[in-house]
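Take a look at the letters that make up each chain.
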Amino acid sequence: MRSLFPVTDQTADRGRGAADPDGEPEVLDGRAAADRGDARSAPGGGFGSDREWSLDELADWYAYPPGGEPWLRANMVSTLDGAAHHEGRSQPISSPADMRIFGTLRGLADAVVVGAETVRQEGYRPARARASFGARRTAAGQGEAPAIAVISASLDLDFSLPLFTSPLVPTLLLTGAAASTARKKAAEAAGAQVVIAGEGPGVDPARAVHALAERGLTRLLTEGGPKLLGQFVAAGVLDELCLTVAPMLTAGDAQRIGGGPAMAVPERLALASVLEEDGFLFTRYRRT
Ligand SMILES: NC(=O)c1ccc[n+]([C@@H]2O[C@H](COP(=O)([O-])OP(=O)(O)OC[C@H]3O[C@@H](n4cnc5c(N)ncnc54)[C@H](OP(=O)(O)O)[C@@H]3O)[C@@H](O)[C@H]2O)c1
């Protein structure tokens, strides 16, 4: 894995103006930079060199902003032609590096927010405790693993699944005040904690973020799916998008990563970083 952006550790300040008469910065690829001794931000050759990154390095790279304010990050994967899944699953368009970053982002989060359809289709299981993130989580005042927060209006979920019956930390079920009382009771009987975050049967996306923050869960990670992500975007509460671009084409009619009604005006984000491994791009964009 190597960093393609930012390029600061591969762009020699002393090259500016000296190597190029127009004063344009000389951008070296990672290996060239490492060879010249310019890559200096990380052990073993710097972020720009192509090498295996430790989980610690990835965790540093993707650290949440300090300050304790709620921060909603999304992690999604898309093919080059915009498919957010293949035959209903994201695994066929993922990669080992994508899974490492997926695990790292979970390892940093207080809660993983996910739409009920993704839970149903991907057979979501509870998040597990990962030794690699244990010390970091303890230092950050976090439990062993992030809570999974499922968003649902119908509550049409199988509450006998381990996600509800045997998580390390209780699974949260965010729903609306008008959702089925019987289904809410069934969820609670299974061990889930029901959180009301909407007046009707559904959840108000901004209220969901607020309700989680009120429980001390401010480092939020949503793993979609597209219908849920589109609502967070439309509500203006998404702070960061970690988008994996898979070097694949699928054609077909799979959803893209953001669904639902279009916004009146496209929202412009700022590029924060790009990693690359095996042709997969791991981009990160932030709200401007
Ligand atoms: N590419 C990726 O990174 C990625 C990530 C995740 C998922 N996926 C793929 O996306 C597909 C599933 O995504 P999806 O877009 O169809 O569904 P989704 O967003 O995962 O879930 C939609 C469901 O979430 C609940 N929901 C969403 N907004 C709600 C609100 N405001 N209030 C209450 N409930 C709400 C509803 O559940 P109820 O029906 O229970 O009311 C709704 O049917 C799967 O094929 C999965 O593989 C891809």
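Structure's up top.
Residues numbered from 1 in each chain as written. Predicted model: local features only at pLDDT ≥ 70, side-chain atom pairs only at ≥ 80, totals over all residues.

## Topic: the site of the ligand
- Surrounding the ligand, one finds 31 residues, the nearest of these being Gly-115, Glu-117, Thr-118, Gly-224 and Gly-225.
- Looking at the shell around the ligand, the elements that each hand over two or more residues are strand E2 (71-79), helix H4 (116-122) and helix H9 (226-234).
- Ranked by the residues each element gives to the shell around the ligand, the list is headed by H4, at five residues.
- Each residue belonging to the shell around the ligand can be placed in one class, and the counts come to 11 nonpolar, 14 polar and six charged. (Near = placed C-beta within 6 Å. Helix = DSSP H or I, 4+ residues; strand = E, 2+ residues; numbered from the N terminus. Nonpolar A, V, L, I, M, F, W, Y, C, P; charged D, E, K, R; others polar.)

## Details of helix H3 (residues 96-108)
- Over its 13 residues, H3 runs 19 Å from end to end, which matches the ideal 18 Å to within 8%, given 1.5 Å per residue.
- Looking at the buried side of H3, the elements it contacts are helix H2 (55-61), E2, helix H5 (131-139), strand E7 (219-222), strand E8 (240-246) and strand E10 (280-287). (Expected span 1.5 Å × (residues − 1). Contact = placed C-beta atoms within 7 Å.)

## Observations regarding the environment of Gly-216
- For Gly-216, the position within the fold is in the loop between helix H8 (205-214) and E7.
- Distance in space between the C-alpha atoms of Gly-216 and Pro-70 is 9.1 Å, their sequence separation being 146 residues.

## Quick notes on the nonpolar core
- Of all hydrophobic cores here, the largest spans 60 residues; its most connected members are Ala-111, Val-112, Ile-148, Ala-149, Val-150, Leu-174 and Leu-220.
- In terms of residues, this core owes the most to one element, strand E4 (residues 147-151), which gives five residues.
- Once residues within four sequence positions are removed from consideration, Ala-149 is found in contact with Ala-111, Val-112, Val-113, Leu-172, Leu-174 and Leu-212. (Core = buried A, V, L, I, M, F, W, Y, C linked by C-beta atoms within 7 Å. Buried ≥ 20, exposed ≤ 12 C-beta atoms within 10 Å, placed from the backbone.)

## Overview of the sheet that holds strand E3 (residues 111-115)
- The strand order across the open sheet built from 10 strands is E1-E9-E10-E8-E2-E7-E3-E4-E5-E6, with neighbouring strands paired in mixed fashion. Bordering the open sheet on either side are strand E1 (2-5) and strand E6 (193-196), each of which pairs with just one other strand. Here the average twist between neighbouring strands, direction ignored, is 25 degrees.
- As paired elements, E3 and E4 share five bridges and run parallel to each other. Counted as the bridge partner of Val-113 is Ala-149 from E4.
- The strands touched by H3 within the sheet are E2, E3, E7, E8, strand E9 (269-277) and E10, with E2 carrying the most contacts at an inclination of about 165 degrees. (Pairing = 2+ DSSP bridges. Axes fitted to C-alpha atoms, helices over the stretch in contact; angles between N-to-C directions.)

## Some words on unusual backbone geometry
- A cis geometry characterises the amide bond from Phe-5 onward to Pro-6, with omega recorded as 0 degrees.
- Within the secondary structure layout, Pro-6 lies in the loop between E1 and helix H1 (30-35).
- The backbone phi angle of Glu-87 is positive, close to 55 degrees, even though this residue is not glycine.
- Structurally, the position occupied by Glu-87 is in the loop between E2 and H3.
- Positive phi values are uncommon outside glycine, yet Leu-155 reaches one of about 55 degrees.
- By secondary structure assignment, the location of Leu-155 is in the loop between E4 and helix H6 (162-165).
- Given 23 C-beta atoms within a 10 Å radius, Leu-155 is considered buried.

Shape descriptors only; they carry no functional weight alone.
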